[in-house]
Amino acid sequence: MRGEQEVNRALERYSDTVRRLCMVHLKNYEDSEDIFQTVFLKYVLSSVSFESEEHEKAWFIRVTINACKDLLKNFFRSHTVSLDEIIEQPALMPPDNREVMEAVLSLPSKYRDVIYLHYYEEYTAPQISQILGKNVNTVYTLLNRSRQLLREKLGGDSDG
């Protein structure tokens, strides 16, 4: 395990390079930040001794590229579609579901999150309360309010 001074020195020298490489490969800030942390964690835990600064820099580049490739070929990542893509590509969703999904996505985030987790991911209110860190009764209230907002948006009756 490396010392704090050594890690700080590496952060100062290579953080820009690692971030740029991540952005070039991943084109996504959040994923880039995850890989950035992964690379420097590997560095901290690594026992590799470097022959020179160039060797160290090459190690950072290689580890960063490999971590990006690993993330890109991850099964979960390659078999999921973002909600935005579903809305943009009508073939991915039947027309009647498309209107509902657009209505769900137009809700304020506190309502959208509970509706999505409940109806699309099939979590129960107690599970949602744990995921979101909210009281169970708050989740029930948010679900009721979001259902009402959806009824209004979709023009449904008030009986459910």
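Whatever comes next refers back to the structure up there.
What you see is a predicted model; the values in this text were computed from it and never measured.

Caption draft 1: Region of interest: the overall build of the protein. Each helix and strand counted, the protein has nine helices and zero strands in total. Counting helices and strands in the order they occur from the N terminus, the protein gives α-α-α-α-α-α-α-α-α. Put simply, the protein has 160 residues, and 30% of those count as buried. At a minimum sequence separation of 6, the contacts of the protein that also span at least 24 residues come to 52%.

Caption draft 2: Layout of the environment of Arg147. Inspection of the secondary structure assignment puts Arg147 in helix H9 (residues 136–154). As a C-alpha pair, Arg147 and Val104 span 43 residues in sequence and 9.5 Å in three-dimensional space.

Caption draft 3: Local environment of the nonpolar core. One finds Val18, Ile35, Val39, Phe40, Tyr43 and Phe60 to be the most contacted residues of the largest nonpolar core, which totals 18 residues. Beyond its immediate sequence surroundings of up to four residues, Ile35 is in contact with Cys22, Leu26, Thr64, Ala67, Cys68 and Leu71.

Cut-offs applied
Residues numbered from 1 in each chain as written. Predicted model: local features only at pLDDT ≥ 70, side-chain atom pairs only at ≥ 80, totals over all residues. Heavy atoms only, no water. Helix = DSSP H or I, 4+ residues; strand = E, 2+ residues; numbered from the N terminus. Buried < 20%, exposed > 50% of the residue type's maximum accessible area, 1.4 Å probe, protein only. Contact = heavy atoms within 4.5 Å. Core = buried A, V, L, I, M, F, W, Y, C linked by side-chain atoms within 4.5 Å.

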